[in-house]
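Spelled out, the chains give:
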Amino acid sequence: MSGPVRDSAPLDGIVVADLSRVLAGPMATSMLADLGATVIKVERPGTGDDTRQWGPPWTESGTASYFESANRTKRSIALDLRDPDDLALARTLVRRADVLVENFRTGALDRLGLGYDAVAADNPGLVYCSITGFGSGAGADLPGYDFIVQAVGGLMSITGDRDGEPTKAGVALVDVLTGKDAVIGILAALAERERSGRGQRVEVNLLSSLLGSLVNQASSYLTTGNAPGRMGNQHPSIAPYETLRCADGTIAVACGNDGQFARLCKGLGRPELADDPRFATNGERVAHRTALVAALEEALAADTAAAWQQRLSDADVPVGEVGDLGTAIARARELGLDPTVDIGDGHPAQVRHPITYSRSTPVTPTAPPGLGQHDDEIRRWLADETENP
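My aim in this report is to walk through the structure given alongside it, one point at a time. Just so it is clear, the structure is predicted and the values come from calculations on it, not from any experiment. Within each chain, residues carry numbers counting from 1 in the order of the written sequence. This being a predicted model, a pLDDT of at least 70 is required before a residue's local features are given, and a value of 80 or more before pairs of side-chain atoms are given or counted; all residues contribute to the totals for chains, interfaces and linings. Each side-chain value is derived from all of the structure's non-hydrogen atoms; neither hydrogens nor water enter the calculation.

### With respect to the overall build of the chain
Quick note on the threshold: Think of it this way: any DSSP run of H or I at least four residues long counts as a helix, any run of E at least two long counts as a strand, and we number them from the N terminus. We call a residue buried when its accessible area falls under 20% of the maximum for its residue type, exposed when it is over 50%, and partly exposed in between, using a 1.4 Å probe and counting protein chains only. Note that His is not counted, nor are the chain ends; the positive residues are Lys and Arg, and the negative ones are Asp and Glu. Charge positions are represented by NZ for Lys, CZ for Arg, CG for Asp and CD for Glu.
Helix and strand content of the chain: 15 helices and eleven strands. Residue burial in the chain is summarised as follows: out of 389 residues, 45% are buried. Taking the average place of the 36 positive charges on the side chains of the chain and the average place of its 52 negative ones, the gap between the two points comes to 2 Å.

Given below as structure tokens:
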């Protein structure tokens, strides 16, 4: 199989068999494709990845935008793993791959002869990444949905207003975190393979990835034995580190030390607040947060959120006006971060690969594939052991 001519990418020459679907696995393989890997997405005939039907919104080409978000720069082959001939092709693909990514129920691929032990015997250099909801042990039969893991994993308990309902994050955050953990594990296993010549199995699960991301909140619980609760936009250990109301909107202020707080007070025209014994140190500010917020919002009511963002930024105070995705992308453009990339007619722009490199170059992404779009191309490659993908 031939691809576009481009500069060298970090994972040039790596072949990934993508047997995953929905978000965590496809996001991981999409990042590997960004880095130059040849990703071959195996999908069910007729329906393909579940997210192909997860619209609206739909793109001009008729694809669900959800599917597009995690499947660019891949090749698609439709294989019915219940069909002996298609299963044989899948086994050939895995035998010739460097990496396999899957999120089947534990044991499902073993029954098809595609479990780790079976395929590692034929391809000992394979890095085999399994993604589950709750691991492959006692939690193997539990359904691994992001929303459920946000609930049972404690994220919802610390998200939302203090007196409100537990709240999920506004995106499938656990799937995203798990996908990134999968990439880390895969890259580490590929690096180790350079030394040993052997592949290995890499396992990630949604609950462990979530717990690993809770950092200071998890540490607080493990230190005190008390589970932290919801605090809205406030920080449990720092003040002011929260949203504050202005005349027409809201700004986020993050003062991580006394110097920043003093600059905030001066920028607000209330320098005396920095000398108030209730606010002189971070510990005192946390203890007297209600009075502190009242004093700050009294000053902020004199002008707009946009005006305060500019004024306080000029005073070297960490501050940002609360916006939406549109203003976020516009801001990234203003800062020269080139946040989006075009992938072709009929497809909306996508958020670009978030990492820059001084030498290697991520690939220029192409549109996500149609279901089975590369069937003939991939079948020819699988039939010819001498051909590179």
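### Remarks on the sheet that holds strand 5 (residues 127-132)
For the record, the criterion: In this description, strands pair whenever DSSP reports at least two bridges between them. An axis is simply a line fitted to the C-alpha atoms; with a helix, the fit covers only the stretch in contact. Between two such axes, the angle follows the N-to-C directions and lies from 0 to 180 degrees. Pairs of residues are marked as contacts when any of their non-hydrogen atoms sit within 4.5 Å.
If you walk across this open sheet you meet the six strands as 3-2-1-4-5-6, and the pairing is parallel. Two strands in the sheet have a free side with no partner beyond their single neighbour: strand 3 (75-78) and strand 6 (200-205). Strand-to-strand, the axes of this sheet are offset by a mean angle of 20°, without reference to chain direction. Direction of pairing for strand 2 (residues 38-43) relative to strand 3: parallel, over a ladder of four bridges. Considered in strand 3, the bridge of Lys41 is made with Ser76. Seen against the sheet, helix 8 (residues 206-213) touches strand 5 and strand 6 and runs at an angle of roughly 70° to strand 6.

### Overview of a nonpolar patch on the surface
Operational definition: Grouping into patches uses exposed residues only, defined as over 30% relative accessible area, and leaves out salt-bridged ones; the cut-off is 9 Å for like charges and 5 Å for nonpolar side chains (Val, Leu, Ile, Met, Phe, Trp, Tyr). Where accessible areas are quoted, they stem from the Shrake-Rupley method and a 1.4 Å probe; at the residue level, only the protein chains shown are allowed to cover. We define a salt bridge as a contact between a side-chain nitrogen of Lys or Arg and a carboxyl oxygen of Asp or Glu at a distance within 4 Å.
Taken together, the side chains of Tyr145, Phe147, Ile148 and Val152 make up a nonpolar region of the molecular surface, amounting to roughly 420 Å² of accessible area. Note that Phe147 resides in helix 6 (residues 146-152).

### Quick notes on the packing of aromatic side chains
In plain terms, the rule: Aromatic rings from Phe, Tyr and Trp, with only the six-membered ring used for Trp, were paired whenever their centres fell within 6.5 Å, and each pair was classed as stacked if the ring planes differed by under 30 degrees, edge-to-face if by over 60, and tilted otherwise.
The final tally for this structure, using the stated rule, is two aromatic pairs. Pairing Trp54 with Tyr66 gives two aromatic rings, centres 5.1 Å apart and planes at 85°, and the pair type is edge-to-face. With Trp54 in the loop between strand 2 and helix 2 (65-68) and Tyr66 in helix 2, this residue pair connects regions lying twelve residues apart in the sequence. Both rings, one in Tyr116 and one in Tyr128, keep their centres 5.5 Å apart while their planes meet at 75°; by these two values the pair is edge-to-face.

### Points about the side chain of Thr51
Among the secondary structure elements, Thr51 is positioned in the loop between strand 2 and helix 2. Contact partners of Thr51, with chain neighbours within four places excluded, come to Val22, Ala64, Tyr66, Phe67 and Asn71.

### Things to note about the nonpolar core
Short version of the rule: Residues belong to one nonpolar core when they are buried, are Ala, Val, Leu, Ile, Met, Phe, Trp, Tyr or Cys, and are joined through side-chain atoms within 4.5 Å.
Among the nonpolar cores identified, the biggest contains 31 residues, and Val16, Val99, Ile131 and Ile186 are the most heavily contacted of them. Broken down by secondary-structure element, the contributors of at least two residues to this core are helix 1 (24-34), strand 4 (99-102), strand 5, helix 7 (173-196), strand 6 and helix 8. Element by element, the count of residues in this core is highest for helix 7, at six residues. Each residue touching Val99, except ones within four places of it in the same chain, is listed here: Ile14, Val15, Val16, Ala17, Leu126, Val127, Ile186 and Leu190. Counting 25 residues, the second-largest nonpolar core is a separate cluster that includes Leu79, Leu93, Val94 and Leu126.

### Thoughts on the state of the cysteines
Stated precisely, the cut-off is as follows: By disulfide we mean two sulfur atoms from cysteines, separated by a distance within 2.5 Å.
On inspection of all chains with the given rule, the structure shows zero disulfides. The thiol of Cys246 is not disulfide-bonded; the next cysteine sulfur, from Cys255, is found 13 Å away. The thiol of Cys265 is not disulfide-bonded; the next cysteine sulfur, from Cys255, is found 7.6 Å away.

### Details of unusual backbone geometry
Most peptide bonds take the trans form, and the phi angle of most residues other than glycine is negative. Here Gly55 and Pro56 are connected by a cis peptide whose omega angle stands at 5°. For the peptide bond that leads from Pro56 to Pro57, omega is 0°, which places it in the cis range. With respect to the secondary-structure elements, Pro57 resides in the loop between strand 2 and helix 2. Positive phi values are uncommon outside glycine, yet Thr73 reaches one of about 55°. Since its relative accessible area comes to 16%, Thr73 is described here as buried.

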